[in-house]
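# Remarks on the overall topology
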Amino acid sequence: MNSASEGEVVGDRIKVWFRFVPREGWFPQDTEGLWATRLSADTARVDNVPFLQNGVAQGDVVRFQTDDDGLHWAAGRVSASGNCAVRVVPIPSGPLGRSHEKIHESLSGFRLGGEVFSAEFPMVAFDVPSGTDFAALKRLLVHGQDEGWWHFEVGSGTEAFWSA
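Rules and cut-offs
- Residues numbered from 1 in each chain as written.
- Predicted model: local features only at pLDDT ≥ 70, side-chain atom pairs only at ≥ 80, totals over all residues.
- Heavy atoms only, no water.
- Phe/Tyr/Trp six-rings, centres within 6.5 Å; stacked < 30°, edge-to-face > 60°.
- Buried < 20%, exposed > 50% of the residue type's maximum accessible area, 1.4 Å probe, protein only.
- Lys NZ or Arg CZ within 6 Å of the ring centre and 35° of its normal.
- Helix = DSSP H or I, 4+ residues; strand = E, 2+ residues; numbered from the N terminus.
- Pairing = 2+ DSSP bridges.
- Axes fitted to C-alpha atoms, helices over the stretch in contact; angles between N-to-C directions.
- Salt bridge = Lys/Arg side-chain N within 4 Å of Asp/Glu carboxyl O.
- Core = buried A, V, L, I, M, F, W, Y, C linked by side-chain atoms within 4.5 Å.
- Contact = heavy atoms within 4.5 Å.

### As for the packing of aromatic side chains
Per the stated rule, a full pass over the model turns up six aromatic pairs. With a centroid separation of 6.1 Å and an interplanar angle of 85°, the aromatic rings of Phe117 and Phe121 are classed as edge-to-face. A residue is classified by how much of its surface remains accessible, and Phe117, at 29% relative accessible area, is partly exposed. Classification of Phe121 as partly exposed rests on a relative accessible area of 25%. Grouped by ring-pair contacts, the aromatic residues Phe51, Phe117 and Phe121 constitute a single cluster. Sitting over the face of the ring of Phe161, Lys138 holds its NZ or CZ atom 5.2 Å from the ring centroid.

Structure (structure tokens):
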């Protein structure tokens, strides 16, 4: 549920809202708000990793439109940062249990920044910078999934990521 206060500016940071069609078997939300640094009257750079929105990554510049309630709604990507967004959810019955800390430990060699969705649902959304060894990261992600450690998805991948 959105309120006008969520559209307020905090310094040069604003919350930019994204609309999407909810996926079956996933969260029922159809919007996600991401913090962003305002760059102009209608553009901002995304400052955090999306948990739900696909096709956008931290550092991307997006165009937005402000509605009558002061909410800033994404209207498209202006430029890509080269970063990727990868989400990892531990398998509770697996060796990592429900531990987001163990997910961070498992991927610590890549020095990725990440945010945890909640204690109840310990999904970690990782910002994967453009200089990351994508091939090695993908091998580890697939290995962890094959071993029953986690499920993962790529919310936003670059050509360099997909071709690695």
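### Considerations on unusual backbone geometry
Within the chain, Arg111 stands out as a residue other than glycine whose phi angle is a positive 55°. One can find Arg111 in the loop between helix H1 (100-106) and strand E7 (113-116).

### Observations regarding the sheet that holds strand E5 (residues 72-79)
Here five strands make up a closed barrel; going around it, the order is E1-E2-E3-E4-E5 and the pairing mixed. For this sheet, the mean angle separating the axes of adjacent strands, direction not counted, is 55°. Summarising the sheet, strand E4 (residues 61-66) and E5 pair through six bridges and their orientation is antiparallel. Paired with Val62 across the strands is Arg77, a residue of E5.

### Overview of the pattern of salt bridges
The final tally for this structure, using the stated rule, is four salt bridges. The residue Arg63 makes a salt bridge to Asp42 at a minimum N-O spacing of 3.0 Å. Placement of Arg63 in strand E4 and of Asp42 in the loop between strand E2 (31-38) and strand E3 (43-46) is noted, with a sequence separation of 21 residues between them. In this structure Arg63 comes out as partly exposed when scored by relative accessible area, which is 36%. The partner of Asp60 in a salt bridge is Arg77, and the shortest N-O contact between them spans 3.0 Å. Of this pair, Asp60 sits in the loop between E3 and E4 while Arg77 sits in strand E5, and the two are 17 residues apart along the sequence. Residue Asp60 is classed as buried on the basis of its relative accessible area of 1%. Given the relative accessible area of 46%, Arg77 is considered partly exposed.

### What to know about the pairing of strand E6 (residues 84-90)
Of all seven residues that make up E6, seven are buried, and the element is covered over most of its length. Residue alternation in E6 divides its side chains into two sets, Cys84, Val86, Val88 and Pro90 and Ala85, Arg87 and Val89, and both sets are buried. Here E6 runs beside strand E8 (residues 124-128); their pairing, made up of five bridges, is antiparallel. Note that in E8 the partner of Val86 across the bridge is Phe126.

### Some thoughts on the sheet that holds E7
Read from one edge of the open sheet, four strands run E7-E8-E6-E9, paired in antiparallel fashion. Among the strands making up the open sheet, the edge pair consists of E7 and strand E9 (150-156). Each adjacent strand pair in this sheet contributes to an overall mean axis angle of 20°, direction not counted.

### Let's talk about the nonpolar core
In terms of nonpolar packing, the biggest core is built from 15 residues, with Val88, Ile103, Leu107, Phe126, Val128, Leu141 and Trp150 touching the most fellow members. Elements with a contribution of two residues or more to this core: E6, E8 and helix H2 (134-146). If we skip the residues at most four places from it in the chain, Ile103 touches Val88, Val89, Pro90, Leu96, Pro122, Val124, Phe126 and Trp150. Counting residues in hydrophobic clusters, the runner-up holds ten residues, among them Ile14, Ala44, Val46 and Val56.

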